[in-house]
Amino acid sequence: SQTIHQWPATLVQPVGSPLSLECTVEGTSNPNLYWYRQAAGRGLQLLFYSVGIGQISSEVPQNLSASRPQDRQFILSSKKLLLSDSGFYLCAWSVQLGSYEQYFGPGTRLTVT
Amino acid sequence: KNQVEQSPQSLIILEGKNCTLQCNYTVSPFSNLRWYKQDTGRGPVSLTIMTFSENTKSNGRYTATLDADTKQSSLHITASQLSDSASYICVVSAGDSSYKLIFGSGTRLLVRP
């Protein structure tokens, strides 16, 4: 069966510090991968998606970047965090781009102080 | 503008009671509608997915309905349990970019003993 992991589970970082969040998927090959952010009281917002190694599409301009160095690894990064980067970050995968089902990871709670 | 609105924002019910959550959307062209359950601090888990031609779909004590003409959906929870306490998120996929999910902000349900 497929599983999706995210770490760390929680993170507190000062403004201006770098960020690296990691997501890995097990039990499937060539998944489509997604990064979402969920602000308090708001719906999830798609940040990035990837259809393959090294292929990243950005949905919204922002202070963040994403990379996919391996087939089942998706990384969310920032060189300098802003207060507005605080939120709940979710990684998800699907079999196909546009597939009906997206499976979400457990999430990372990021607080920028 | 593609939007998904949910009501109520929050709801408190007694264990064993039924409840209905509402979702209105303005997404075109419509592809499918999903209901997710999100426990606090966790990733969303899919409950149901419905396409344009489906009016109702059940998953245990959860029953979702869809009226594509009025662009409304509801999620009915029968015989609520304490474990039903969570946020319930309505998500609509647009037909032209079905990987892009438009998320509602959710209904926070609290089931009390």
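Residues numbered from 1 in each chain as written. Chains lettered and ligands numbered in written order. Predicted model: local features only at pLDDT ≥ 70, side-chain atom pairs only at ≥ 80, totals over all residues. Heavy atoms only, no water.

## Some thoughts on the overall build of chain A
No. 1: Each helix and strand in chain A was counted, giving 0 helices and 11 strands.
No. 2: Secondary structure elements of chain A occur, N-terminal to C-terminal, as β-β-β-β-β-β-β-β-β-β-β.
No. 3: Taking 2.2 N^0.38 as the reference for a compact globule, 113 residues should give roughly 13 Å; the C-alpha atoms of chain A span a radius of gyration of 13 Å, in line with that estimate.
No. 4: Its C-alpha atoms give chain A principal-axis dimensions of about 35 × 30 × 25 Å.
No. 5: Counting across all 113 residues of chain A, residues that qualify as buried make up 49%.
No. 6: Considering only intrachain contacts with a sequence separation of at least 6, the fraction spanning at least 24 residues in chain A is 56%.
No. 7: When the accessible surface of chain A is summed, it comes to about 5300 Å², and 52% of that surface belongs to carbon and sulfur atoms.
No. 8: Counting 7 positive and 6 negative side-chain charges, chain A places the centres of these two groups 10 Å from one another. (Helix = DSSP H or I, 4+ residues; strand = E, 2+ residues; numbered from the N terminus. Rg over C-alpha atoms; globule rule 2.2 N^0.38 Å. Buried < 20%, exposed > 50% of the residue type's maximum accessible area, 1.4 Å probe, protein only. Contact = heavy atoms within 4.5 Å. Areas by Shrake-Rupley, 256 points an atom, 1.4 Å probe, with all protein chains shown as cover. Lys, Arg positive; Asp, Glu negative; His and termini not counted. Charge placed at Lys NZ, Arg CZ, Asp CG, Glu CD.)

## What about the pattern of salt bridges?
Opposite charge on two side chains makes pairing possible when the charged atoms of those side chains draw close.
No. 1: Applying the stated criterion across every chain yields a total of 4 salt bridges over all chains.
No. 2: In this structure, R68 of chain A and D71 of chain A form a salt bridge, with 3.3 Å as the shortest nitrogen-oxygen distance.
No. 3: By relative accessible area, R68 of chain A is classed as buried at 3%.
No. 4: We classify D71 of chain A as partly exposed; its relative accessible area is 21%.
No. 5: Between R61 of chain B and D84 of chain B there is a salt bridge, and its shortest N-O distance comes to 2.8 Å. Pair noted here: R61 of chain B is in the loop between β6 (56-59) and β7 (62-67) and D84 of chain B is in the loop between β8 (72-77) and β9 (86-94), with a separation of 23 residues, a long-range link.
No. 6: When its relative accessible area of 23% is taken as the criterion, R61 of chain B is described as partly exposed.
No. 7: Residue D84 of chain B is classed as buried on the basis of its relative accessible area, which comes to 1%. (Salt bridge = Lys/Arg side-chain N within 4 Å of Asp/Glu carboxyl O.)

## Observations concerning the interface of chain B and chain A
No. 1: Contacts between the two partners involve 20 residues from chain B and, on the opposite side, 21 residues from chain A.
No. 2: Of the roughly 1600 Å² buried where chain B meets chain A, counting both sides, 57% is carbon and sulfur surface.
No. 3: On the surface where chain B and chain A come into contact, there are 0 salt bridges.
No. 4: Elements with a minimum of two residues in the side of chain B that touches chain A: β4 (30-38), β5 (45-51) and β10 (101-103) of chain B.
No. 5: Ranked by residues supplied to the side of chain B that touches chain A, first place goes to β4 of chain B with 5 residues.
No. 6: Taken together, the residues of the side of chain B that touches chain A break down into 7 nonpolar, 10 polar and 3 charged. (Buried area = accessible area lost by both parts, 1.4 Å probe. Nonpolar A, V, L, I, M, F, W, Y, C, P; charged D, E, K, R; others polar.)

## Quick word on the confidence of the model for chain B
No. 1: Of all residues in chain B, 96% have pLDDT values of 70 or greater, and the mean over the chain is 93.
No. 2: Per-element confidence in chain B is highest for β8 of chain B, whose mean pLDDT is 98, and lowest for β10 of chain B, whose mean pLDDT is 88. (pLDDT = per-residue confidence, 0-100.)

## Notes on the environment of L47 of chain A
All names here are of chain A.
No. 1: Note that L47 resides in strand β5 (residues 44-52).
No. 2: Looking at L47, the relative accessible area reads 0%, which means it is buried.
No. 3: Taking the C-alpha atoms as reference points, L47 and W35, 12 residues apart in sequence, are found 5.5 Å from one another.
No. 4: Dropping the residues within four chain positions of it, L47 is found in contact with W35, Y36, R37, S57, S58, E59, V60, Q62, L64, L76 and Y89.

## Focus on unusual backbone geometry
No. 1: The omega angle of the peptide bond from W7 of chain A to P8 of chain A is 0°, so this bond is cis rather than trans.
No. 2: Residue position: P8 of chain A is located in the loop between β1 (3-7) and β2 (10-13).
No. 3: Here the residue pair S28 of chain B and P29 of chain B is connected by a cis peptide bond, since its omega of -10° sits within 30 degrees of zero.
No. 4: Looking at the element boundaries, P29 of chain B is found in the loop between β3 (19-26) and β4.
No. 5: You will see that N30 of chain A, though not glycine, has its phi angle at about 50°, which is positive.
No. 6: On the secondary structure map, N30 of chain A appears in the loop between β3 (19-26) and β4 (32-38).
No. 7: Owing to a relative accessible area of 46%, N30 of chain A belongs among the partly exposed residues under this scheme.

## Looking at the pairing of β4 of chain A
Residue and element names in this part refer to chain A.
No. 1: The buried fraction of β4 is high, at 7 of 7 residues.
No. 2: Of the pairings in the sheet, the one linking β4 to strand β9 (residues 87-94) comprises 7 bridges and is antiparallel in character. Across the sheet, the residue bridging to L33 is W93, located in β9.
No. 3: Pairing between β4 and β5: 6 bridges, direction antiparallel. (Pairing = 2+ DSSP bridges.)

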